Amino acid sequence: MRKYCYIFLALLPFFISCDKIGRDGVDEKQNVYLGANILEQEETRAPYMDTAPSGNNPLEVAVWASTVSGYYPESAVSPAIAAHTEARFANNDMQLLNGVLYPTPATGKEPTRIYFVSLYPQKGWSNPTDDYSKAQFKFNGSQDVMFASEVYGYYDIQTRPTLSFKHLLTLFNVKIGMDPLELEAGVTIEYIREAWGKIQNMYIERVDQSTADFLTEHVEDVIIDLESSEAKFETSVEPASLGTWFYKVGENNQFPGGTGYEITSNVTHVAYTMCAPTDATVKFGDTNTATPEYVLTIVTKKGEDIREMEIKLDLMKSNGNEPASLYSGSTSGKQFDITLYFKKSKTIRHTVEVTSWETGGYGHGNLYD
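As the structure is a computational prediction, the values presented were derived from the model and not from experiment. Think of each chain on its own: its residues are numbered from 1, step by step along the sequence as written. With the structure being a predicted model, the display of local features is reserved for residues of pLDDT at least 70 and the display and counting of side-chain atom pairs for 80 or more, all residues being used for whole-chain, interface and lining totals. Processing note: side-chain calculations cover all non-hydrogen atoms of the structure and skip hydrogens and water entirely.

## Focus: the environment of G55
Put simply, DSSP H or I for four residues or longer makes a helix, DSSP E for two residues or longer makes a strand, and each gets a number counted from the N terminus. By the secondary structure assignment, G55 is in the loop between β2 (30-38) and β3 (59-66). Buried means the residue's accessible area, taken with a 1.4 Å probe over protein chains only, is under 20% of the maximum for its type, while exposed means over 50%, and partly exposed covers the values in between. Look at G55 and you get exposed, because its relative accessible area is 55%. Between the C-alpha atom of G55 and that of A90, which follows or precedes it by 35 residues, the distance is 4.7 Å.

Set out below in structure tokens:
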């Protein structure tokens, strides 16, 4: 069962004289009210973490409305309806959606449907096509991007239409520390720091992503078909950078920052990124080895010695007590927890725990350099 964040559109009568339309004796329209609730939200490092909107952590989304399915311009000529508006939820109460009214149907006529889609984050979305059938957002790794596919409502409806949000990106969490086996053997953190110095940079790339000169910032586009809810991803800078940056936990500042990150003996969750998903495969070549889906690159510096290491991530999962197996399918809406153990021998042992943004627990697997 997929975990969603829900927006409920309730139709409440709201009679005000300025909304008189003088048609067939009916003199009112109905306002659109919105409420918000997040069900069974797992704790993640995505920007929105709470199980319900609150004053300390409101849920802010863009809501687009239209009387034409799959067509969402910012405005329309009457009697058509189109609007781009915003909603901010600080609790679970119903709230008015500004700028949209349900038109009162004429006597004997079917009520006009209004279609809705919703987008998270609230800001930064655009229409990349002249027909207003798509929504586009540029992301750099620090934003959780969610989309609620099209639903509709109409005047005096009894059933509340529900906007169901799903995560579009793939979340990677990174923990860094000493190898517990070396700690038990008496290796100190001073040995590790002498071997490695500080971490200067860290980024991740899809294996299927083209690479070129490294840039100071990597930005990608997600483009959503508003009618079918399909999403595609494109690199929006030329030449493409090698990958997506990581960010400090709880911040949108790049990890590790100007002074670098000094490795500690304790394993600590230090960074996250949300990058474009890929389709994980279970392919075996002539060497009977699996094909990795992502490559994590770490840059360290000790004095004038700069080292760059690549760690290939072949995604794994497990089912209960069964041995770990290769993960296949889209990584959209999945999170992968990577633990990096820095060793005295200047090697890195790493493990990957694959956690889904769906209900049903998590899988894990061990990978070694």
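## Section: the packing of aromatic side chains
Centres within 6.5 Å make a pair out of two Phe, Tyr or Trp rings, where for Trp the six-membered ring is used; the pair is then stacked when the planes are under 30 degrees apart, edge-to-face when over 60, and tilted otherwise. Under the counting rule described, the total for this entry stands at twelve aromatic pairs. When the ring of F255 is compared with that of Y261, the centres are 5.6 Å apart and the planes differ by 50°; the resulting orientation is tilted. We classify F255 as buried; its relative accessible area is 2%. Whether a charge sits over a ring comes down to the Lys NZ or Arg CZ being within 6 Å of the ring centre and within 35 degrees of the ring normal. Above the plane of the ring of Y152 lies R113, whose end atom (NZ or CZ) is 3.8 Å from the centre.

## Section: the environment of I306
As for its position among the elements, I306 is in strand β20 (residues 305-313). Residues I306 and Q200 lie 106 residues apart in sequence; the distance between their C-alpha atoms is 9.0 Å. In this structure, I306 is in contact with V299, T300 and K301, ignoring residues within four places of it in sequence. We call two residues in contact whenever any of their non-hydrogen atoms come within 4.5 Å of each other.

## Description of the side chain of T85
Inspection of the secondary structure puts T85 in strand β4 (residues 82-89). Polar side-chain contacts of T85 include one of 3.1 Å to the backbone oxygen of N98. Sequence-distant contacts of T85, defined by excluding residues within four places in its chain, comprise V61, A62, V63, W64, L97 and N98. Throughout this description, a polar contact denotes any pair of N or O atoms lying within 3.5 Å of each other; where both atoms belong to protein, one of them has to be capable of donating a hydrogen while the other can accept it, and for residues adjacent in sequence the pair is counted only when both atoms sit in side chains.

## Digging into the side chain of E293
Looking at the secondary structure, you find E293 in the loop between β18 (279-280) and β19 (294-302). The exposure class assigned to E293 is buried, which follows from its relative accessible area of 5%. Each residue touching E293, except ones within four places of it in the same chain, is listed here: E205, R206, V207, T278, A280, T281, L313, D314 and L315.

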